[in-house]
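# Summary of the model geometry
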Amino acid sequence: MDELNGKLIACQILITGLIARVANEQRDPLRFLTDFRDEIKAVVNGVNIAGMDDTDRVRATAQRTVDELFSLMKPPSGD
């Protein structure tokens, strides 16, 4: 289980870096990140979760993960 958690964390870091890289190439990176976050949250809300008794708990965990992922991204410094 620890190995799986480590791989998931590595994927989150990779995805965060990729999103940040794409955002930096946009004219308005903050708007891009906000729009992208909203799209990802809409996908999480609409995805079909089969084979689970408590899909609300799984969906809430996924939403928290999205929030954590985007909270890692800070606005560019003024330097």
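For the structure, check the block above.
Keep in mind that what you see is a predicted model, and the values were worked out from it rather than measured.

### Overview of the side chain of glutamine 63
As for its placement among the helices and strands, glutamine 63 is situated in helix α3 (residues 55-71). Among the residues examined, glutamine 63 registers a relative accessible area of 14% and is labelled buried. Ignoring sequence-local partners within four residues, the contact set of glutamine 63 consists of Lys41, Val44 and Asn45.

### Some words on the pattern of salt bridges
Under the definition given, this model contains three salt bridges. Aspartate 38 is the partner of arginine 37 in a salt bridge, and the nearest nitrogen-oxygen pair spans 3.2 Å. Judged by its relative accessible area of 39%, aspartate 38 falls in the partly exposed class. The salt bridge involving aspartate 67 is made with lysine 41; its shortest N-O contact spans 2.9 Å. Within this pair, whereas aspartate 67 is found in helix α3, its partner lysine 41 is found in helix α2 (residues 29-46), the two being separated by 26 residues in sequence.

The rules behind these values
- The numbering scheme is per chain: residues are counted from 1 as the chain's sequence reads.
- Reporting of local features is limited, given that this is a predicted model, to residues whose pLDDT is at least 70; pairs of side-chain atoms are given and counted only at 80 or more, and all residues count toward the totals for whole chains, interfaces and linings.
- The basis for every side-chain value is the complete set of non-hydrogen atoms in the structure, without hydrogens or water.
- Helix and strand definitions here come from DSSP, where helices need a minimum of 4 consecutive H or I residues and strands a minimum of 2 consecutive E residues; each element is numbered from the N-terminal end.
- When accessible area is computed with a 1.4 Å probe and restricted to protein chains, residues below 20% of their type maximum are described as buried, those above 50% as exposed, and intermediate ones as partly exposed.
- Here, residues are in contact when the closest pair of their heavy atoms is within 4.5 Å.
- A pair is scored as a salt bridge if a Lys or Arg side-chain nitrogen falls within 4 Å of a carboxyl oxygen belonging to Asp or Glu.

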